[in-house]
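Chain by chain, the residues:
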Amino acid sequence: MLSRVAERLYWMARYMERAENTARLVNVYSNLLLDLPAGASVGWDTLIKITGDDGLFSEVSEVADEKSVTRYLLTHKLNPGSILNSISMARENARTTREIIPAEAWELINSLYLYVKENTRKSSSRRGRLTFSRHVISHAQQLTGMLSGCMSHNYGYDFMVMGRNLERADMTSRIIDVGAATLLKPETDGVDVVLYENSLWMNVLRSLNAYQMYRQHVRDRVNGKDVVEFLLLDREFPRTILHCLSRIEDAVKSLPHNEDCLRSVARALRRVREVKIDELLLDDALYEFVDQLQLEFSAIHHTIDEVWFSMMREQTRAAS
Amino acid sequence: MGIDWKKYNSGPFYDELMAAPGVARPHARELVSYLQKLKSTSLSSRKHAAEAAITTMGITFTVYSDGENIDRDWPFDLIPRVIAAKEWAHTERGLIQRLQALNLFIDDLYNEQKILKDGIVPKELIAKSKNFRKQCVGMKPVGGVWAHICGSDLVRNDDGSLYVLEDNLRVPSGVSYMLENRAVTKRVFPELLKGQNILPVGDYPTQLFDTLAAISPRPLDYPEVVVLTPGIYNSAYFEHAYLAQRMGAELVEGQDLVVQDDHVFMRTINGLAKVDVIYRRIDDLFLDPEVFNKDSMLGVPGLMRAWQKGNVALANAPGAGVADDKVIYTYVPAIIRYYLGEDPIIDNVPSYICSDEKQMKHVLANLDKLVVKPANESGGYGMLMGPQASQKQRDEFKQLIKADPRNYIAQPLLSLSTAPVMVDNHVEPRHVDLRPFILQSGQGSYVTAGGLTRVALVKGSYIVNSSQGGGSKDTWIVAEED
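Calculation notes
Residues numbered from 1 in each chain as written. Chains lettered and ligands numbered in written order. Predicted model: local features only at pLDDT ≥ 70, side-chain atom pairs only at ≥ 80, totals over all residues. Helix = DSSP H or I, 4+ residues; strand = E, 2+ residues; numbered from the N terminus. Rg over C-alpha atoms; globule rule 2.2 N^0.38 Å. Buried ≥ 20, exposed ≤ 12 C-beta atoms within 10 Å, placed from the backbone. Contact = placed C-beta atoms within 7 Å. Expected span 1.5 Å × (residues − 1). pLDDT = per-residue confidence, 0-100. Pairing = 2+ DSSP bridges. Core = buried A, V, L, I, M, F, W, Y, C linked by C-beta atoms within 7 Å. Axes fitted to C-alpha atoms, helices over the stretch in contact; angles between N-to-C directions. Parallel < 35°, antiparallel > 145°, perpendicular 65-115°, else oblique. Left-handed = near helix turned anticlockwise from the far one by under 90°. Nonpolar A, V, L, I, M, F, W, Y, C, P; charged D, E, K, R; others polar.

This next bit is on the overall build of chain B. The secondary structure content of chain B amounts to 15 helices and 25 strands. In summary, chain B has a C-alpha radius of gyration of 23 Å against a globular reference of 23 Å for 482 residues, a match within 12%. Dimensions of chain B along its principal axes, counting C-alpha atoms only, are 70 × 60 × 50 Å. Taken over 482 residues, chain B has a buried fraction of 49%. Partitioning the intrachain contacts of chain B with sequence separation of at least 6 by distance along the chain shows that 69% fall at a separation of at least 24.

Taking 1.5 Å of rise per residue, the 25 residues of helix α15 (residues 285–309) of chain A would be expected to cover 36 Å, and the 35 Å separating its terminal C-alpha atoms lies within 8% of that figure. Taken together, the buried positions of α15 of chain A are occupied by L286, F289, V290, L293, E296, F297, I300, I304, V307 and W308 of chain A.

Moving on to the confidence of the model for chain A. Residues and elements named next belong to chain A. Averaged over every residue, the pLDDT of chain A is 86; the share at 70 or more is 89%. Of all the helices and strands in chain A, helix α16 (residues 311–319) carries the lowest mean pLDDT, 50, while helix α12 (residues 241–253) carries the highest, 97. Overall, residues 316–320 carries pLDDT values under 50, and its contacts beyond four positions in sequence, including any with other chains, amount to 1 contact.

What follows covers the pairing of strand β13 (residues 277–280) of chain B. For a regular strand, the rule is simple: side chains alternate between the two faces of the sheet. Residue and element names in this part refer to chain B. Judged by which residues are buried, β13 turns out to be covered on both faces: V277 and Y279 on one side and I278 and R280 on the other are all buried. Alignment of strand β8 (residues 225–228) against β13, held across 4 bridges, turns out to be parallel. Pairing of V227 across the sheet is with Y279, part of β13. Examined bridge by bridge, β13 and strand β14 (residues 313–315) share 3 bridges and lie parallel to one another. Paired with Y279 across the bridge in β14 is A315.

Further remarks concern unusual backbone geometry. With glycine set apart, most residues show a phi of negative sign, and most peptide bonds adopt trans. All names here are of chain B. The omega torsion of the bond from A315 to N316 falls at -10°, within 30 degrees of zero and hence cis. With respect to the secondary-structure elements, N316 resides in the loop between β14 and α12 (326–329). Backbone geometry at D261 places phi at a positive 50°, although glycine is not the residue there. By the secondary structure assignment, D261 is in the loop between β10 (257–260) and β11 (263–268). Its 10 C-beta neighbours within 10 Å are what place D261 among the exposed residues. Even without glycine at this site, D424 takes up a positive phi of about 50°.

On to the nonpolar core, then. Ranked by size, the top nonpolar core spans 240 residues in total, and within it A6 of chain A together with I106 of chain B carry the most contacts. Per-element accounting of this core gives the leading share, 16 residues, to helix α1 (residues 3–35) of chain A. Residues contacting I106 of chain B, with those up to four places away along its chain left out, are W146, A147, A320, V322 and A323 of chain B.

Let us now look at α1 of chain A. Between its first and last C-alpha, α1 of chain A extends 48 Å over 33 residues, near the 48 Å set by a 1.5 Å rise per residue. Across the 33 residues that make up α1 of chain A, a large majority, 27, are buried.

The subject of this paragraph is the packing of α1 of chain A against helix α5 (residues 83–95) of chain A. All names here are of chain A. Closest axis-to-axis distance for the α1/α5 pair is 8 Å, and the angle between their directions is 155°. Classified by the angle their axes make, α1 and α5 are roughly antiparallel. The way α1 lies across α5 gives a crossing that is left-handed. Along its contact with α1, which presents R8, W11, M12, Y15, M16, R18, A19, T22 and A23, the element α5 presents I83, S86, I87, M89, A90, N93 and A94.

Contact with chain A, which involves 22 residues of that partner, is made by 19 residues of chain B. Elements represented by at least two residues in the side of chain A that touches chain B include exactly α1, α6 (103–118) and α16 of chain A. For the side of chain A that touches chain B, the leading source of residues is α6 of chain A, giving 5 residues. For the side of chain A that touches chain B, a count of residues per class yields 12 nonpolar, 5 polar and 5 charged.

Attention now goes to the pairing of strand β7 (residues 162–168) of chain B. Residue and element names in this part refer to chain B. Across the 7 residues of β7, 6 count as buried, placing the element largely inside the fold. Across 6 bridges, strand β6 (residues 149–156) lies against β7 in antiparallel orientation. In the strand pairing of β7, S152 is matched with D167. Counted between consecutive antiparallel strands, the loop separating β6 from β7 contains 5 residues, among which G160 sits at a positive phi close to 90°. Of the strand pairs in this sheet, β7 and strand β15 (residues 347–348) are connected by 2 bridges, and their pairing is parallel.

Shown next, in the form of structure tokens:
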């Protein structure tokens, strides 16, 4: 497998996953806000924080209200992480690896891209937004299923598994972070947020499609500690940090020259496994923990890049 | 009711499907009567289905305009063009004969140059050829074959016969569209294809792989074959990716390849892997910055060295384009006779060579009746369509020809045949040509069953190039009914 192709497959999977996650997030958040009291300080700007605010949003919009935030996340051309841009990048990567992925997979990504482009305007109303994000989610899922069922589980597939799961773990960690930030510091204008704790954590789970699975697994009523533990450490649910990292580990195991990468994945896994949930819920512990996790994810990415993708750049240097 | 063929009239032009208004040619009878019976709503819904299929399948071509690359949907007309199997068998023999002679010619030019010494082709022509590569002199590619993949353009005149308009020996494109056109037709008219004896076209990628594998310097069952593309911004990128995928070959860009110790390797996640055969879709001059264009970012430094040492095969071989020259074209009948001792099976379009003074005078005096073509352009660029041009354009060409006669040939304007094209809810005649693809290695030849039919979608136009408003049709080779 060409290094360049491996890199593009990895990014294609990451961008598709990013689009799907963003769509889920917007959907669930719309629901959550309907449940919260009017005075709650949980606002739309939280979504900007989750997706990694780098000051760009304030450049394109003065207020962070429903309309501006959802537009920014769904279809804004200037937001590199918007669904429109993510899918457009996924499509570029798929277009340049068409000879590797099944023909139907390309058709699917291409038609999703056309859909997103054509429905940009429709996605601005609440109802249109729901249809729009559902379409994105179901097609991203369809792609994952199609690749799993119609593509040889070869190196190329492994790189997509790595890209998808790293992106997924990253998003799960961000969602935990925000859930925690909102709940642990209920600085609200006279509104007792604790009343809404249950509803909030439910929505955190829902944004990861995890509510049903969580209920099967944890019988107790929904509470912060159990949710955080579930999202970090459950082995079976495919969006938990532990599960995503294990999937990455499996994929890395089948690749050549994998020692460095296995080591960095193992380090991240160890950090998750050794965490003490009780302590996490004190003060800023969870916030700091998530920060560390994100550093681990970024280290894994850099190792992948160094071992399998940048080799070509280095050899070029050596040759010249 | 569907199409009313009694209202379809191609006038003075030979029509591919209809012998006269309401009368189908024998090999098109079934198609014509099927379309007649089809409800017009059903016909237009299929037209939409075809367009939707092309969009979803992502069948595109790239045009460069206003400093931007734009992907356009591939223009497709859903009524197939039909050719009788008997005629095709004859044409196929003619195409193989032609490419055999051209390969012998190229090999001779880079080695003994017997044909020049015998005065069949003038020495000056080669001396002034932009596509003669001195770096190739003395080379003996595997099997003596230089042009492994050839796309020849055929046109049918009002006398009903096919003529060769030009041979494309550098990096001919279009074959993926031939394959995709059939795939679309299968989606849109499944019942129609089932009832008839139409030659399949899907074999091409396998044949291409076999041809490429046959020229590998290492005798392996599965040599490492790669397709070298200039990248995503090339107008034929779609095809490069398509063919690589169908052959199960790696699609590489220049940056993926590296030459070490005169061998070519590709950079993989496993380290360097040796490459045996490169189906290159990059022009000669961009192949190797060490030898040709020094600024080329598309090529691979050292590639020519590896090829000259015989460590890697290039298809087509560098320098093969010397025979893909519109002036050399006029000598092809003589070339066939010289090397094969046979008469050409398919004729050339009669042509005037401007480097011959007498012929140039004739051309200059008759610019309003002739089509003038530069020797080395492709895609229909730099041409003068004499009868349709303005006096100013003709005067400009007069100067161009006088300044560089070697660079021009002229041909009478052929009455290109027509085929019915869907316009709104009825059919109208439009001019068509045909580009079949011929494969050749030391071990044998293969011709596509039909080829890519290109159609000038603008009424009365002869320009079939997709970059200039042309469309395409599925092409059927059908056994005639008795």
